[in-house]
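# Architecture at a glance
Next come the chains, spelled out residue by residue.
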Amino acid sequence: MKKIAYLCLVALLFITGCSGMSAKEESATQQIVEKDGNFFVWEHLDRHYVIGSEASNAKFKKSPHLPYAKTILGAGPQGETVVYEINKKDSSYVERLMETYEKTPFLVESKGDDYFVYKVHGRYYVVGNEATREKLVKNGHIPYAKTILGAGPGGATVVYEIDKKNPEMTAKLMKMFK
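Residues numbered from 1 in each chain as written. Predicted model: local features only at pLDDT ≥ 70, side-chain atom pairs only at ≥ 80, totals over all residues. Heavy atoms only, no water.

Summed over the entire model, instances satisfying the criterion amount to six aromatic pairs. Ring centres of Tyr101 and Phe106 lie 4.9 Å apart, and the angle between their planes is 45°; this geometry places the pair in the tilted category. In terms of burial, Tyr101 and Phe106 fall into one category: buried. Sitting over the face of the ring of Tyr93, Arg96 holds its NZ or CZ atom 5.4 Å from the ring centroid. (Phe/Tyr/Trp six-rings, centres within 6.5 Å; stacked < 30°, edge-to-face > 60°. Buried < 20%, exposed > 50% of the residue type's maximum accessible area, 1.4 Å probe, protein only. Lys NZ or Arg CZ within 6 Å of the ring centre and 35° of its normal.)

Now the structure itself:
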């Protein structure tokens, strides 16, 4: 009899514990990107969730879960798992989300107002001023750069900003990135 009572207690605790998000999980959920009302990225429990409609975004905000999803391990800018929403009625939906995610600049590291590292298209972009950072976030590239193949983590390409008015900046950025 004690065994049955114990099993019932464990089952009750399991059910009540799984019924909603804990405060820790809720605070760990945040929207990090929104574009044009048809591209949203959420960070939840060390994963990126990529959503392609306002309706799905509203549902995800209430309960961070995607009923149909494509999951790619380690595809995020810092090695996060990326979970893409799937629309069963539109076969190109997930491809659009994947392409948009890949060309979206994600901040990987920053130090003050003069050192920013973004990851875009699998490359690291290291910039040293706010104006260039804004151009990178808006357009996904920077106007003047020095590119070094294989110099980043895992052999990734690193693109350093060149500032013609401040020629020492590129060397400083290279030193800081290592």
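After that view of the structure, there is still more to cover.
Below, the discussion takes up the confidence of the model for the chain. Of the residues in the chain, 85% have a pLDDT of 70 or more, and the chain-wide mean is 87. Taken together, the stretch residues 5–19 has pLDDT below 50 and engages in zero contacts with residues farther than four places along the chain or on a different chain. (pLDDT = per-residue confidence, 0-100. Contact = heavy atoms within 4.5 Å.)

Mapping His48 onto the fold places it in strand β3 (residues 47–51). Given the relative accessible area of 2%, His48 is considered buried. In terms of polar contacts, His48 uses its side chain to reach the side chain of Glu43, at 3.4 Å. Within the structure, His48 has its side chain in polar contact with the side chain of Tyr101 (distance 2.6 Å). Those residues in contact with His48 that sit more than four places away from it in its chain are Ile32, Val41, Trp42, Glu43, Pro77, Glu80, Thr81, Val82, Val83, Tyr101 and Phe106. (Helix = DSSP H or I, 4+ residues; strand = E, 2+ residues; numbered from the N terminus. Polar contact = N/O pair within 3.5 Å; in protein donor to acceptor, adjacent residues only side chain to side chain.)

The subject of this paragraph is the sheet that holds strand β8 (residues 123–127). The strands that make up a sheet are held in pairs by hydrogen bonds between backbone atoms, and each pair lies either parallel or antiparallel. Read across the sheet, five strands follow the order β6-β7-β8-β10-β9 without closing on themselves; strand pairing throughout is mixed. Either end of the sheet is taken by a strand with one partner, and the two such strands are β6 (106–110) and β9 (145–148). Neighbour-to-neighbour, the strand axes of the sheet open up by a mean angle of 25°, direction not taken into account. As judged from the four bridges shared by β9 and strand β10 (residues 158–161), these two strands associate in the antiparallel manner. From the neighbouring strand, Ile148 faces β10, where its bridge partner is Val158. Helix-sheet contacts for helix α5 (residues 130–139) involve β7 (116–120), β8 and β10, and the interaxial angle to β7 is about 15°. Of the strands in this sheet, β7, β8, β9 and β10 are in contact with helix α6 (residues 168–177), which crosses β10 at around 140°. (Pairing = 2+ DSSP bridges. Axes fitted to C-alpha atoms, helices over the stretch in contact; angles between N-to-C directions.)

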